[in-house]
Amino acid sequence: MYTQADKRCLLPELVAHIQNGDCLAIGGGLSWREPMAALRELIRQNIKDLKLVGSAHGIDVDLLCGAGSVAASAESYVGFEQDFGMALNYRRACESGAVKVEDNCCYTLVQQLRAAIQGLPFMPIRSVQGTDFLKLHPEFKTMTCPFSGEQLVLVPALKPDVALIHAHYADEHGNLHIEGPPVADILFAKASKKVIVTVEAFISHQELASKGITIPYFYVTAACEVPYGAHPTSCYPRYAYDREHTKHYYQAAKSGDDGFRKDYLDPYVYECKDHAAYLSLIGGQTRLARLEQWNDGVDQWMQLYE
Amino acid sequence: MNKATKITSCTLGELMIYQIALSIEDGILAFHGFGSPLVQLALHLAKRFHAPNLVLVAGATYGINPTPAFLTPTTNDFAMNRGAECHLSIEELFDLAASGRLGRMFLSGLQIDRWGNMNVTRLGNDERLTLKLPGGGGGCNLSADAGHVTIWTAAHRSHADNLGRRRYRLVKRCDFVTSVGHRTADGLARAAMPYRGGGPDCIVTDLGVFGFNAEGHAELRFTYPDTNCELIAESTEFEFPVADNLSTAALPEPALIDFIRRLDPLKIHERELSQDDRVRTFELNSL
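Residues numbered from 1 in each chain as written. Chains lettered and ligands numbered in written order. Predicted model: local features only at pLDDT ≥ 70, side-chain atom pairs only at ≥ 80, totals over all residues. Heavy atoms only, no water.

K.L.:
Mind showing me how you'd approach the overall build of chain A here?
P.N.:
Check the secondary structure of chain A and you find 14 helices and twelve strands. Over its C-alpha atoms chain A spans a radius of gyration of 19 Å, differing by no more than 12% from the 19 Å that the globule rule assigns to 306 residues. The principal-axis extent of the C-alpha atoms belonging to chain A is close to 65 × 50 × 40 Å. The 306 residues of chain A split such that 60% are buried. (Helix = DSSP H or I, 4+ residues; strand = E, 2+ residues; numbered from the N terminus. Rg over C-alpha atoms; globule rule 2.2 N^0.38 Å. Buried < 20%, exposed > 50% of the residue type's maximum accessible area, 1.4 Å probe, protein only.)

K.L.:
Explain the side chain of Thr-74 of chain B to me, please; I cannot follow it from the model alone.
P.N.:
For Thr-74 of chain B, the location among the structural elements is in the loop between β4 (63–64) and α3 (78–81). Residue classification places Thr-74 of chain B among the buried positions, given a relative accessible area of 3%. Here the side chain of Thr-74 of chain B touches Ser-31 of chain A through a polar contact of 3.2 Å, side chain to side chain. Non-local contacts of Thr-74 of chain B, meaning those with residues more than four positions away in its chain, are made with Ser-31, Glu-81, Asp-83, Tyr-241 and Tyr-305 of chain A together with Met-80 of chain B. (Polar contact = N/O pair within 3.5 Å; in protein donor to acceptor, adjacent residues only side chain to side chain. Contact = heavy atoms within 4.5 Å.)

K.L.:
Please explain the interface of chain A and chain B as it appears in this structure.
P.N.:
Size of an interface, as often reported, equals the accessible area lost when the parts are brought together. Counting residues at the interface gives 54 residues for chain A, matched by 53 residues for chain B. Carbon and sulfur atoms make up 66% of the surface buried where chain A meets chain B, a total of about 4,700 Å² over both sides. The interface formed by chain A and chain B includes three salt bridges. At the surface where chain A touches chain B, the tally comes to 21 residue pairs in polar contact (both at pLDDT 80 or more). Put simply, the parts of the chain that give the side of chain A that touches chain B at least two residues each are β2 (50–57), β3 (70–80), α4 (81–84), α5 (88–96), α6 (106–117), α7 (133–136) and α14 (298–303) of chain A. Within the side of chain A that touches chain B, the residues separate by chemical class into 29 nonpolar, 13 polar and twelve charged. (Buried area = accessible area lost by both parts, 1.4 Å probe. Salt bridge = Lys/Arg side-chain N within 4 Å of Asp/Glu carboxyl O. Nonpolar A, V, L, I, M, F, W, Y, C, P; charged D, E, K, R; others polar.)

K.L.:
How should I be thinking about the environment of Ile-232 of chain B in this particular structure?
P.N.:
All names here are of chain B. On the secondary structure map, Ile-232 appears in helix α6 (residues 229–234). By relative accessible area, Ile-232 is classed as buried at 0%. Not counting residues within four places of it along the chain, the set of residues in contact with Ile-232 comprises His-156, Leu-207, Gly-208, Phe-210, Leu-220, Thr-223, Thr-227 and Phe-240.

K.L.:
So what exactly am I meant to see when it comes to empty space enclosed by the protein here?
P.N.:
Gaps left between atoms are located by rolling a probe of water-molecule size over the structure's atoms. Within the structure shown, the criterion is met by four cavities of 30 Å³ or more. Space inside the largest cavity adds up to approximately 100 Å³. Residue lining of the largest cavity: 13 residues in total, with Leu-30, Ser-31, Phe-80 and Tyr-241 of chain A together with Thr-74 of chain B positioned closest to the centre. Looking at the lining of the largest cavity, the elements with two or more residues in it are β3 and α4 of chain A. Looking at which element gives the most residues to the lining of the largest cavity, the answer is α4 of chain A, with three residues. A breakdown of the residues in the lining of the largest cavity according to their chemical character gives five nonpolar, six polar and two charged. Space inside the second largest cavity adds up to approximately 50 Å³. The wall of the second largest cavity is formed by Gly-130 of chain A together with Asn-117, Val-180, Gly-181, His-182, Arg-183, Thr-184, Leu-188, Ala-189, Arg-190, Met-193 and Tyr-195 of chain B. Class assignment of the residues belonging to the lining of the second largest cavity gives a composition of five nonpolar, five polar and two charged. (1 Å grid on protein atoms, 1.4 Å probe; cavity = no way out; pocket = protein on both sides within 12 Å on 5 of 7 lines; lining within 4 Å. Points joined across faces, edges and corners; volume = space filled by probe spheres on them.)

K.L.:
Whenever I open this one, the pairing of strand β11 (residues 148–152) of chain B confuses me. Can you help?
P.N.:
Regular strands place side chains that alternate from one sheet face to the opposite one. Residue and element names in this part refer to chain B. Most of β11 is tucked away, with four of its five residues classed as buried. Alignment of strand β6 (residues 104–107) against β11, held across four bridges, turns out to be parallel. Considered in β11, the bridge of Arg-104 is made with His-148. Judged from the four bridges that link them, β11 and strand β12 (residues 200–204) form a sheet pairing that is parallel. Considered in β12, the bridge of Thr-150 is made with Cys-202. (Pairing = 2+ DSSP bridges.)

K.L.:
Would you take a moment to explain the side chain of Thr-121 of chain B for this structure?
P.N.:
With respect to the helices and strands, the residue Thr-121 of chain B is situated in the loop between β8 (118–119) and β9 (122–124). Since its relative accessible area comes to 0%, Thr-121 of chain B is described here as buried. With residues near it in sequence (within four places) discarded, Thr-121 of chain B still touches Asp-103 and Phe-133 of chain A together with Leu-131, Lys-132, Leu-133, Phe-176 and Thr-178 of chain B.

K.L.:
Whenever I open this one, the nonpolar core confuses me. Can you help?
P.N.:
Soluble, globular proteins show a tendency: their nonpolar side chains are buried together. Core analysis: the biggest nonpolar cluster contains 114 residues, and Ile-18, Leu-24, Leu-42 and Trp-301 of chain A have the highest contact counts within it. Beyond its immediate chain neighbours, meaning those up to four positions away, Leu-24 of chain A contacts Ile-18, Leu-42, Leu-50, Lys-51, Leu-52, Val-53, Val-162 and Leu-164 of chain A. In this structure, Val-155 and Ala-170 of chain A together with Val-149 and Phe-176 of chain B belong to the second largest nonpolar core, which totals 70 residues. (Core = buried A, V, L, I, M, F, W, Y, C linked by side-chain atoms within 4.5 Å.)

K.L.:
I tried to follow the packing of aromatic side chains on my own but got confused; where do I start?
P.N.:
Think of a pair of aromatic rings as described by two things: how far the centres are apart, and how the planes are tilted against each other in angle. The final tally for this structure, using the stated rule, is 27 aromatic pairs over all chains. An angle of 90° between the planes, with centres 5.7 Å apart, marks the rings of Phe-49 of chain B and Phe-259 of chain B as edge-to-face. Separated by 210 residues along the polypeptide, Phe-49 of chain B in the loop between α2 (37–48) and β3 (55–57) and Phe-259 of chain B in helix α7 (residues 254–263) bring together distant segments of the chain. An aromatic cluster is built from Trp-32, Tyr-236, Tyr-241, Trp-294, Trp-301 and Tyr-305 of chain A together with Phe-70 and Phe-78 of chain B, whose rings are joined through pairwise contacts. Arg-40 of chain A extends its terminal NZ or CZ atom over the ring of Tyr-278 of chain A, reaching a point 3.5 Å from the ring centre. (Phe/Tyr/Trp six-rings, centres within 6.5 Å; stacked < 30°, edge-to-face > 60°. Lys NZ or Arg CZ within 6 Å of the ring centre and 35° of its normal.)

Pasting the structure below:
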C-alpha cells in the first residue's frame with residue numbers, strides 16, 4: 001500500500017524506482033499513450049537487463065532494445081503495424097541473442113496478471129497447448145481438470161517489479177484518470193509491486209473525481225507531471241500520434257545500431273538533459289500545436305498521416 | 001454515387017476485402033485485432049451491407065461499432081474508434097472468446113500450413129533464430145477460442161530465385177506454431193484439445209480462396225479472374241485438393257467498392273499488398 005499524502009516527484013527520482021534486472025510492465029499499446037519521456041530518462045540513467053512483459057507494443061520496446069536496456073522480452077507483439085512494419089532494433093537485438101525471446105500471448109498475460117491480483121499461484125486456460133509457446137515457457141504446466149476431465153494449461157502468477165504508465169491526470173495523492181482505452185494498465189497497476197506514473201497534468205482531487213478514477217491512489221508509488229510525456233505516441237484527446245517523428249526514428253533504426261545511436265539516441269535521448277530539451281528539439285510549440293489540432297477537422301487529422 | 005466516378009472495376013485489395021467480408025455472419029461478435037487493414041475494412045463493409053447486427057469490436061481500442069473517420073496506419077488511434085457505442089476492456093474481450101462468445105477472429109501468418117497452423121513468431125529452428133517476427137498478439141489464444149477463424153494473407157504468390165528456389169507463404173511445416181489450425185504438424189486432430197472454437201474455415205489470399213475439407217486440410221474453392229489452379233499450386237509448398245465446384249470468386253458491387261474507397265482514403269490497405277499486386281484490377285462486367 002502506498003499511502004503517502006503527496007506522490008509527486010521529479011522525473012529522475014521517479015525512474016530511479018526501476019532497478020537493473022527488473023521485470024518491467026510498460027503501459028499503453030502500439031502508438032497510444034506510451035510513457036516515452038520516462039523511457040528516455042531510464043536510458044539516460046543506464047538502467048539495464050530489464051525483462052519486459054506486455055501485450056502489443058511498438059516504439060517503446062524498440063527504443064529500449066536499441067539502447068541496450070533489455071535482457072528478455074515477453075511481449076506479445078512488437079512492431080509498427082502497416083505504418084512502418086517490423087521493429088528493427090527489437091529484431092536485431094533478438095536475432096543477435098542480446099534479448100532473450102520469451103514471447104507471450106495477450107490472454108495468457110491477462111490470466112497471469114489476474115492470478116497475481118487475486119493472490120492465486122496460477123490461472124488455467126484452454127489455449128496455448130498445441131502451440132510452440134510451451135517451449136518458450138517451460139514454467140507453464142498442464143493438468144487434467146478434476147471437474148471436467150479436460151486438459152488445461154496452468155499459467156503462473158505474474159507480479160512485475162514495476163509498472164510504468166503514462167496517464168492523463170493525477171491528483172497529488174496519486175489517484176489516476178485515463179481517457180480512452182486503458183489497454184492492460186489497470187491490470188499492470190494492480191499486479192505490480194511498484195507503480196510509477198507520468199501524467200499530462202496534476203489536477204485537484206475534486207476535478208479528478210468528477211472525471212472518474214481509473215486507478216486508485218494506494219496502488220501508485222510515485223507520480224511526475226510530464227506534459228507531452230507520451231510523445232511521439234498519442235495521448236488523445238490532448239495530442240495525436242507524431243507520425244513524422246516516428247518516421248525519422250524508423251529511418252535511424254534502419255541504418256543499423258551505429259546509425260541509430262548517432263541519428264536518434266544521441267540527439268533525442270543522451271544529449272537532451274531533460275524533457276523540456278527534448279520537446280524543443282522535436283519542434284517545440286509549433287510541432288505540438290499541430291498534433292493538438294487533430295480535432296479541427298477530418299482533413300487536418302488525416303494530414304498527420306500523410 | 002456520382003456518375004462522374006462510376007465504378008467499373010475493382011482492385012485486388014477490394015476483392016480480398018470483399019472475400020474476407022463474405023466470411024462474416026450477421027449477429028455474431030467479431031474482433032479485428034491490429035495490423036490488419038484488409039480485415040478492418042472487411043468488418044466495416046460486412047456491417048454496413050450484409051451483417052447489420054454484427055457486434056464489431058475494434059482491435060486495440062476494444063471499441064464496439066465505431067464509425068472510423070478514416071483508416072489509420074496504426075490501430076490504437078481515436079480516428080479508428082470514433083463514435084464507438086461502448087467499450088470492452090482487454091480482459092473482457094478475451095473472456096468473451098474463452099467462454100465461446102467470440103463468433104469469428106481473423107488471423108494471418110508469415111507461414112501457413114495445410115491445417116491452418118500459423119507462425120508469426122520466429123523463423124529458424126530451436127537452436128538458431130534467423131528472423132524474429134513481431135509476434136502474434138492474442139492470436140494464439142483466439143485461434144483456440146474463437147468460434148471460427150478467417151485466415152488471410154496478401155503474400156501467397158512466391159517467386160523463384162535464380163536457382164529456382166522459393167520462399168513460400170503456404171508451407172509444408174511452420175518453423176514455430178503461433179496459432180493452431182485443424183491438426184498439429186504431427187497429425188493430431190484438433191478435437192483432442194479442449195478448445196472452444198471450430199478452427200479456420202477459409203484462407204483468403206492474393207491468388208484465391210481456400211476452404212477446409214472434412215479432414216481439416218486446406219482445399220481450393222475459388223480462383224480469381226487472373227489466376228488458376230496451376231499458378232496457385234506453383235506458389236504453394238504443399239499439395240492441396242481442389243473443390244469439385246471450383247469457380248471464380250465473386251467481385252464486389254460498385255456500392256461496396258465505393259464504401260471501401262471512402263473509408264480508406266489514404267489507401268492504407270494497399271500496404272499489405274506487393275507493388276505488383278497494387279495494380280491488379282478486375283473489370284466488373286467481365287464475368
